[in-house]
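The primary structure of each chain is shown beneath.
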Amino acid sequence: MIRQLKETLKANLYEEATYLVRFLSDLVNCHVIAAPSMVAMFENFVSVTQEEDIPQVRSDWFVYTVLSSLPWVGKELYEKKDVEMDRLLNQIEAYLKRRQKTHVPMLQVWSADKPHPQEEYLDCLWAQVQKLRKDRWQERHVMRPYVAFDSVLCEALQHNLPPFTPPAHTPDAAYPMPRVVFRMFDYTDAPEGPVMPGSHSAERFVIEENLHCIIKSHWRERKTCAAQLLSYPGKNKIPLNYHIVEVVFGELFQLPCPPHIEVMYTALLIELCKLQPGSLPQVLAQATEMLYMRLDTMHTTCIDRLINWFAHHLSNFQFRWSWDDWADCLALDVEKPKPKFVKEVLEKCMRLSYHQRIVDIVPPSFSALIPVEPLFLYKYGEETSSSLPGYPVTITVGNAIKNRASNEEIITILRDVPNPNQEEDDDEGEAFNPLKIEVFLQTLLHLAAKSFSHSFSALAKFHEVLKSISDCDEGKLHVLKVVYQVWRSHPQMISVLVDKMVRTQIVDCAAVANWVFSQDMAHDFTRFYMWEILHSTLRKMNKHVQKIQKELEEAKDKLEKQQHKKKESGDEEEVERMSGDEEVQLEEVQLEETIERLQEKVEAAQSEQKNLFLVIFQRFIMMLTEHLVRCETGGIDFNTSWYKICIERLQQVFLMHHGTIQQYMGTLEHLLFTAELDPHILAVYQQFCALQL
């Protein structure tokens, strides 16, 4: 098992390694492993904190593994080796006092510590172990089936663990990220039935660990997972529904990302409500109310997830909700967190239903927050539009599309569109023509406005035309502007059309980033759908790079295998090999050419990816700096609703794409996040760097 533990650590499987150590420590209670050898192993784990030039996350994991095993084995070890255990805990305490905690604000669900402190995971666990030690290691929630066989086990032959040396740190080691413990309830929130253990009691840690394990084991089967959670052993001793809801929301809101896909948590909570219709929906409603009340200090990334969950949940229960209880948000500025949340939830509900249904379910007093009806806005279809430049061409283009004209015919028709950007004496006619894009794209999308499918077919059919009229950066940006102009009352349509245009390379990722941060989109900058589009674009870029990198690795492996095979073949095969030699050589040459070509593609894709992140971070810095300077000059508080959203969106980009961004940290530090930058903006970058230090 010790060998297996070493292999697990080398393979970066740290969660499995934690469970292995916990299992070994529980074997001490069964008298299978001798307590002194377990203490020696823990001492070796804690000795990692003395290593030099290692990231903090490495020593964090070893300390966490020791502390998290103590609820199981602390009592037994203290009875046998109290002096050594005191020394061990003193070492851990000294380490925890000198730890850097710059990363904490970036990982907190709430920025305020009232009513419940949002503690760093090691600090919280240390407080729980301290309380357990004070209570003489007495707890009531660890399942100990071996107690029934103690009379037999106490006579068993005990084994000493072989000496364990933690594997040395390597540059490719991927240690678990630090966390902040999610707290939502305490004993005052569950008034009836058993009392909820305090946040610093080891029982709370053990219960939460067990619930996390159940979710981890059964998350793919929501029905099994819900049934297992509700049949938790010892459920009569605790307010189980409160613990389950807190653990599920804790996972859903975990930063940088939840352990499992977000929709799983929605499906699980729906299943739990079906299995416990008399009690769980009430706890969930209470939790939702508490989350709503604390929106002012909630991280924007977590608000996004809350919006997605709540809208999806309502869609499964006929959109029933006591909206009047949230009427307080109507008196607030629409950009404040509460009205903004309600508005975004209703918009998301509309995606899962239809406009009139949302109008019918929400009280009339909420009319200001109800999304507008999603209608196509065709500027060439109005009565006064005949005087607009390019109007005659829209008629011709519309008829041509209806008569199934080819791409070439449409391109010919569009040559007649006057170019407002072209100088009169400029004969080349190659300047970017915004009117040409507006005439064609407005007409095309108008004719295809019936559904997503119609729009997709139109984009596919006239792909060549779209590519030819938007072949420069300004053209791509203008295509996105036109999509917004015609569908501004239908954010979902904008999202899917932009997604389709990126996939079909009508626009590129950099154009989407520039469009999101453009002055034209300033009024929608804080809206949820804009960030949905941006993150979807970033994910596509990242997947594209990963795909080419994978192809390159496969080609290299293939060439390596061939060369290895050649070296290994013996003299007897020499004659046979000679006959096919030319073929083998040709294949090798082709592979080398493929590798060279793929290498160039990877470099080009990585350069594009790096530039995309540079564009995004540069735009963030410009907008935030302008805001901070404007507030300082005007003598007003910079910490507005807009500032909170913007700075947390910057954190969100870092968190959601941390694996990719780490490759370019040198460039970011050199070009953008320099010492001269405003400390408020620089703090976000420093928090991000601290996540892996």
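Residues numbered from 1 in each chain as written. Predicted model: local features only at pLDDT ≥ 70, side-chain atom pairs only at ≥ 80, totals over all residues. Heavy atoms only, no water.

Asks: Could you give an account of the UniProt feature "domain: MIF4G-like type" (unreviewed entry) in the protein, with specific residues and numbers?
Replies: Under the UniProt annotation, "domain: MIF4G-like type" (unreviewed entry) lies at residues 222–363 and 378–661. End-to-end, the C-alpha atoms of residues 222–363 are 34 Å apart, and along that stretch the chain is 62% helix and 0% strand. (UniProt positions renumbered as here; feature names shortened; annotations may be inferred. Helix = DSSP H or I, 4+ residues; strand = E, 2+ residues; numbered from the N terminus.)

Asks: Go over the UniProt feature "domain: MIF4G" (unreviewed entry) in the protein with me, naming the residues and quoting the values.
Replies: Taking the numbering used here, the UniProt-annotated feature "domain: MIF4G" (unreviewed entry) corresponds to residues 6–132. Counted over residues 6–132, helix gives 72% and strand 0%. Its end C-alpha atoms are 30 Å apart.

Asks: I'd like a description of the pattern of salt bridges, backed by residues and values.
Replies: As enumerated under the stated definition, the model contains 30 salt bridges in all. Taking the shortest distance from any N to any O, the salt bridge between Lys131 and Asp135 comes out at 3.0 Å. Its relative accessible area of 37% is what places Lys131 among the partly exposed residues. Judged by its relative accessible area of 34%, Asp135 is partly exposed. Between Asp520 and Lys481 there is a salt bridge, with the nearest N and O atoms lying 3.1 Å from each other. (Salt bridge = Lys/Arg side-chain N within 4 Å of Asp/Glu carboxyl O. Buried < 20%, exposed > 50% of the residue type's maximum accessible area, 1.4 Å probe, protein only.)

Asks: With reference to specific residues and values, describe the packing of aromatic side chains.
Replies: Scanning the model with the defined rule gives 41 aromatic pairs in all. With centroids separated by 5.5 Å and ring planes inclined at 40°, the aromatic side chains of Tyr64 and Tyr121 adopt a geometry described as tilted. In this pair, Tyr64 is assigned in helix H4 (residues 56–80) and Tyr121 in helix H7 (residues 121–134), connecting sequence segments 57 residues apart. Each member of the pair, Tyr64 as well as Tyr121, is classed as buried. (Phe/Tyr/Trp six-rings, centres within 6.5 Å; stacked < 30°, edge-to-face > 60°.)

Asks: So, the environment of Cys273: which residues are in play, and what are the values?
Replies: Summarising the element assignment, Cys273 is placed in helix H12 (residues 262–275). Placed 10 residues apart in sequence, Cys273 and Val283 show a C-alpha to C-alpha distance of 9.8 Å. Setting aside its immediate chain neighbours within four residues, Cys273 contacts Leu280, Pro281, Leu284, His313 and Phe317. (Contact = heavy atoms within 4.5 Å.)

Asks: Could you give an account of the nonpolar core, with specific residues and numbers?
Replies: A general tendency of soluble globular proteins is for nonpolar side chains to be buried together. Of all hydrophobic cores here, the largest spans 169 residues; its most connected members are Phe249, Phe341, Phe440 and Phe673. Broken down by element, this core gets its largest block of residues, 15 residues, from helix H27 (residues 581–634). Not counting chain neighbours up to four residues away, the residues in contact with Phe249 comprise Phe182, Met184, Leu269, Leu284, Ala287, Leu291 and Trp309. By size, the runner-up hydrophobic cluster in this structure holds 54 residues, among which are Leu9, Met38, Leu125 and Trp137. (Core = buried A, V, L, I, M, F, W, Y, C linked by side-chain atoms within 4.5 Å.)

Asks: Got a sec to walk through the state of the cysteines? Specific residues and values, please.
Replies: Going through the model one piece at a time under the given rule, you end up with zero disulfides. With no disulfide of its own, Cys225 lies 12 Å from the sulfur of Cys213, the closest cysteine sulfur. The class of Cys225 is buried, set by a relative accessible area of 0%. (Disulfide = S-S within 2.5 Å.)

Asks: Can you break down helix H2 (residues 14–29) residue by residue, with the values?
Replies: Between its first and last C-alpha atoms H2 spans 24 Å; for 16 residues at 1.5 Å apiece the expected length is 22 Å, and the two agree. In terms of residue burial, H2 counts as a mostly covered element, since 12 of its 16 residues are buried. Along H2, the residues classified as buried are Tyr14, Ala17, Thr18, Leu20, Val21, Arg22, Leu24, Ser25, Asp26, Leu27, Val28 and Asn29. Where H2 is buried, its residues contact helix H1 (2–10), helix H3 (35–46), H4 and helix H9 (202–218). After H2 finishes, the residue His31 shows a positive phi value of roughly 65°. (Expected span 1.5 Å × (residues − 1).)

Asks: Can you tell me about the environment of Val482, naming the residues and giving the values?
Replies: Relative to the elements of secondary structure, Val482 occurs in helix H22 (residues 473–487). A relative accessible area of 0% means that Val482 is categorised as buried. As for Val482 and Pro420, which are separated by 62 residues in sequence, their C-alpha atoms are 16 Å apart. Sequence-distant contacts of Val482, defined by excluding residues within four places in its chain, comprise Ile437, Glu438, Leu441 and Gln442.

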